[in-house]
Amino acid sequence: NVLNDTFGSKNKIAENIYSSYGKFDLIIDDGSHIASHMIASFNYLFPEALNDQGVYFVEDTHTNYLRNFRDTEHSFIEMAKCLADYLHGAYLPQTENPHFLYSYMVGDAKRVAALNVPAITTLLDEIRFFDSIVVFHRRQKKWLPVADHR
């Protein structure tokens, strides 16, 4: 199915689309191009309405640099750049684990059984930046990488 609609207050249209049609393999955000709308759509649709291994495609992201489309302190582009850090959440220092560098290596005596990471870390597989386009790929399963250094 191809759905064409405009952004509604509090992302109600996105919620209605998901509840009516279920999850999608591909979502293309060609909406209002207003930063807060782009962020709200992503925050709902990526985790809730995109299938595992799905692709979330946002176009005309150059509008985040134009005053008429920038209605928030942080733009969608800035959010996407932050998500690049969250993509690597399993490797970010864990404050409760001073031996973090070795905590994810198979066979290490100090290896921990679980890491605290943001939920988005378990969903993101890949982020690609192009001229005025950002593409997010969703993980097949909610898993994190395991380092096997021997």
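Read on for an overview of the structure.

Basis of the calculations
- Residues numbered from 1 in each chain as written.
- Predicted model: local features only at pLDDT ≥ 70, side-chain atom pairs only at ≥ 80, totals over all residues.
- Heavy atoms only, no water.
- Helix = DSSP H or I, 4+ residues; strand = E, 2+ residues; numbered from the N terminus.
- Buried < 20%, exposed > 50% of the residue type's maximum accessible area, 1.4 Å probe, protein only.
- Contact = heavy atoms within 4.5 Å.
- Pairing = 2+ DSSP bridges.
- Right-handed = clockwise from strand over helix to strand, strands pointing away.

### Quick look at the overall build of the protein chain
In step 1: Counting secondary structure elements, the protein chain contains 4 helices and 4 strands.
In step 2: Secondary structure elements in the protein chain, listed N-terminal to C-terminal, are α-β-α-β-α-α-β-β.
In step 3: Looking at the protein chain residue by residue over its 150 residues, the buried ones come to 35%.
In step 4: Long-range pairs, those at least 24 residues apart, make up 65% of the contacts in the protein chain between residues at least 6 apart in sequence.

### Structural notes on the pairing of strand β2 (residues 50-59)
In step 1: Pairing analysis gives 5 bridges linking strand β1 (residues 24-29) to β2, with the strands arranged parallel. Directly across from Asp 29, in β2, lies its bridge partner Val 58.
In step 2: Considered for its hand, the β-α-β crossover made up of β1, helix α2 (residues 35-49) and β2 is right-handed.
In step 3: Relative to strand β4 (residues 133-138), β2 runs antiparallel, the two sharing 5 bridges. Opposite Phe 57, over in β4, you have Val 135 as the bridge partner.

Without other data, these values stay purely geometric and don't point to any function.
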